[in-house]
Protein chains: 2
Amino acid sequence: MLIVLSGPSGVGKGTVRKAIFDQPGNDFQYSISMTTRQPRPGEKDGVDYFFVSKEEFENNIQTGQMLEYAKYVDNYYGTPLKYIDETLDAGKDVFLEIEVNGAMQVRSKRPDGVFIFLTPPDLMELKQRLIHRGTDSMEVINKRIHKAFSEIEMMQNYDYAVVNDEVPNAVEKIKEIIRSERLRVTRVMPDYLEMLGDSNK
Amino acid sequence: MLIVLSGPSGVGKGTVRKAIFDQPGNDFQYSISMTTRQPRPGEKDGVDYFFVSKEEFENNIQTGQMLEYAKYVDNYYGTPLKYIDETLDAGKDVFLEIEVNGAMQVRSKRPDGVFIFLTPPDLMELKQRLIHRGTDSMEVINKRIHKAFSEIEMMQNYDYAVVNDEVPNAVEKIKEIIRSERLRVTRVMPDYLEMLGDSNK
């Protein structure tokens, strides 16, 4: 099972992901990204990122070895397929934390993944702010409404929406979603059918 | 949100449902069934069942007021629509615990419900038993395989499969499924859209 955590920039995806993997006993594997940027002090190849050259990254793109990628400023960032397929083949679930554009690339290639959208808490608070219009200028409110439309538009392409009101809350909800998704009939059915297939041998 | 717990007879649906509602703080409502059978000592109308006459029940069927129903021996059992719609309209989730035939009636009328299939633990253990064939007679094994096929066939029409290995485990999984389903984008989206609709007023 492929689990994808994404959300608008600044929502705190990285913080939530770190909090999940700081906890012991996770039975899913974090997918390490590949990048062409230089390692920062303390960053290790194969732990924080797979650090590769621009040529190697572009070669990976051309040979279809990237599940998703993007270019920021002058560097590539992306998810190599090899690591993910190896982990899934070993029977482990994979956890990706990526930008919304990347998540949509993954959705198109792996529609059976679990797509979780992390929502900024002020999207929920917007209603309160609209009710108490006096406290914000019209400009501030209109800007927020515009941002809300774009966030809700993104959200439509996901399976779940988790509000990042407090990191421990969001972490717990995400882990519950993962546990529940494992109980989906569409996911457990192949095991049962395989078992019955064995019974006919 | 309509939550339907079902499963093959004898799997322990009633025990699991009672364990769920014995816990305090559930934010969903148990749907009380309607029946034409006589109340047993201690049973209360409107608590254990809605006790009605055969005429009243058949009138409910004919006027489309039953979400599902069945006849066992000489008595009707079923789920009245009125109670469910009132609870849902009040913004509360409704929990049904019913037989598989009833669950399929509900699925056809309310496809957006959450359908949970309680699985007997020996379905999972079947594989072990098949491996150690020596311990069971062929007749016992074939009977169990036949039963397994029918259980898996039923399961296909549900969203989730929860193994009833230990009641507290099953209870926790069901509650996690309910909490996760509330985070589904298809369920939270109307709230967000309504909020944005308000913002245009």
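Computed from a prediction, not measured in an experiment: that's the story for all the values here. (Residues numbered from 1 in each chain as written. Chains lettered and ligands numbered in written order. Predicted model: local features only at pLDDT ≥ 70, side-chain atom pairs only at ≥ 80, totals over all residues. Heavy atoms only, no water.)

Residue and element names in this part refer to chain B. With respect to the helices, strands and loops of the structure, serine 33 is situated in the loop between strand S2 (28-30) and strand S3 (34-35). The exposure class assigned to serine 33 is buried, which follows from its relative accessible area of 14%. Non-local contacts of serine 33, meaning those with residues more than four positions away in its chain, are made with Tyr49, Phe50, Gly78 and Pro80. (Helix = DSSP H or I, 4+ residues; strand = E, 2+ residues; numbered from the N terminus. Buried < 20%, exposed > 50% of the residue type's maximum accessible area, 1.4 Å probe, protein only. Contact = heavy atoms within 4.5 Å.)

All names here are of chain A. The complete set of buried residues in helix H1 (residues 13-22) reads Lys13, Val16, Arg17 and Ile20. For H1, the buried positions fall inside an angular range of 100° around the axis, keeping them on one side. The secondary structure elements touched by the buried residues of H1 are strand S1 (2-6), strand S2 (28-30), strand S7 (93-97), strand S8 (114-119) and helix H7 (167-181). (Arc of directions from axis to C-beta.)

Before going further, it helps to spend a moment on the UniProt feature "binding site: ATP" (unreviewed entry) in chain A. Residue and element names in this part refer to chain A. Per the UniProt record, "binding site: ATP" (unreviewed entry) is annotated on Gly7, Pro8, Ser9, Gly10, Val11, Gly12, Lys13 and Gly14. Summarising the element assignment, glycine 10 is placed in the loop between S1 and H1. We classify glycine 10 as exposed; its relative accessible area is 82%. Within the secondary structure layout, glycine 14 lies in helix H1. (UniProt positions renumbered as here; feature names shortened; annotations may be inferred.)

Before going further, it helps to examine the nonpolar core. Grouped together as the largest cluster of nonpolar side chains are 40 residues, with contacts concentrated most on Phe95, Ile116 and Ile174 of chain A together with Phe95, Ile116 and Ile174 of chain B. Look past the residues within four positions of phenylalanine 95 of chain B in its chain and what remains in contact with it is Ile3, Leu5, Arg17, Ile20, Phe21, Phe28, Gln29, Tyr30, Ser31, Ile174 and Ile178 of chain B. (Core = buried A, V, L, I, M, F, W, Y, C linked by side-chain atoms within 4.5 Å.)

So, about the environment of lysine 18 of chain A. Residues and elements named next belong to chain A. Here lysine 18 lies in helix H1. Judged by its relative accessible area of 48%, lysine 18 falls in the partly exposed class. Between the alpha carbons of lysine 18 and arginine 187 there is a distance of 27 Å; along the sequence they are 169 residues apart.

Attention now moves to the packing of H7 of chain A against helix H7 (residues 167-181) of chain B. As a packed pair, H7 of chain A and H7 of chain B sit with axes 9 Å apart at the nearest point and diverge in direction by 115°. Pair H7 of chain A / H7 of chain B crosses with left-handed handedness. Between H7 of chain A, through Glu176, Ile177, Arg179 and Ser180 of chain A, and H7 of chain B, the contact on the second element is made entirely by Glu176, Ile177, Arg179 and Ser180 of chain B. In terms of residue class, the contact of H7 of chain A with H7 of chain B is built from two nonpolar, two polar and four charged. (Axes fitted to C-alpha atoms, helices over the stretch in contact; angles between N-to-C directions. Left-handed = near helix turned anticlockwise from the far one by under 90°. Nonpolar A, V, L, I, M, F, W, Y, C, P; charged D, E, K, R; others polar.)

The next point concerns the sheet that holds strand S4 (residues 50-51) of chain A. Two orientations exist for strands paired in a sheet by backbone hydrogen bonds: parallel and antiparallel. Residues and elements named next belong to chain A. Pairing in this open sheet of four strands is mixed, and the strands run S4-S3-S6-S5 from one edge to the other. The sheet terminates laterally at S4 and strand S5 (66-72), the two strands that pair on one side only. Sheet analysis places strand S3 (residues 34-35) next to S4, joined by two bridges and oriented parallel. Across the sheet, methionine 34 pairs through a bridge with phenylalanine 50, a residue of S4. Contacting S4, S5 and strand S6 (75-80), helix H3 (residues 81-89) runs over the sheet at an angle of about 20° to S6. (Pairing = 2+ DSSP bridges.)

Take the pairing of strand S9 (residues 160-163) of chain B next. Residue and element names in this part refer to chain B. Residue alternation in S9 divides its side chains into two sets, Tyr160 and Val162 and Ala161 and Val163, and both sets are buried. As paired elements, strand S8 (residues 114-119) and S9 share four bridges and run parallel to each other. From the neighbouring strand, phenylalanine 117 faces S9, where its bridge partner is alanine 161.

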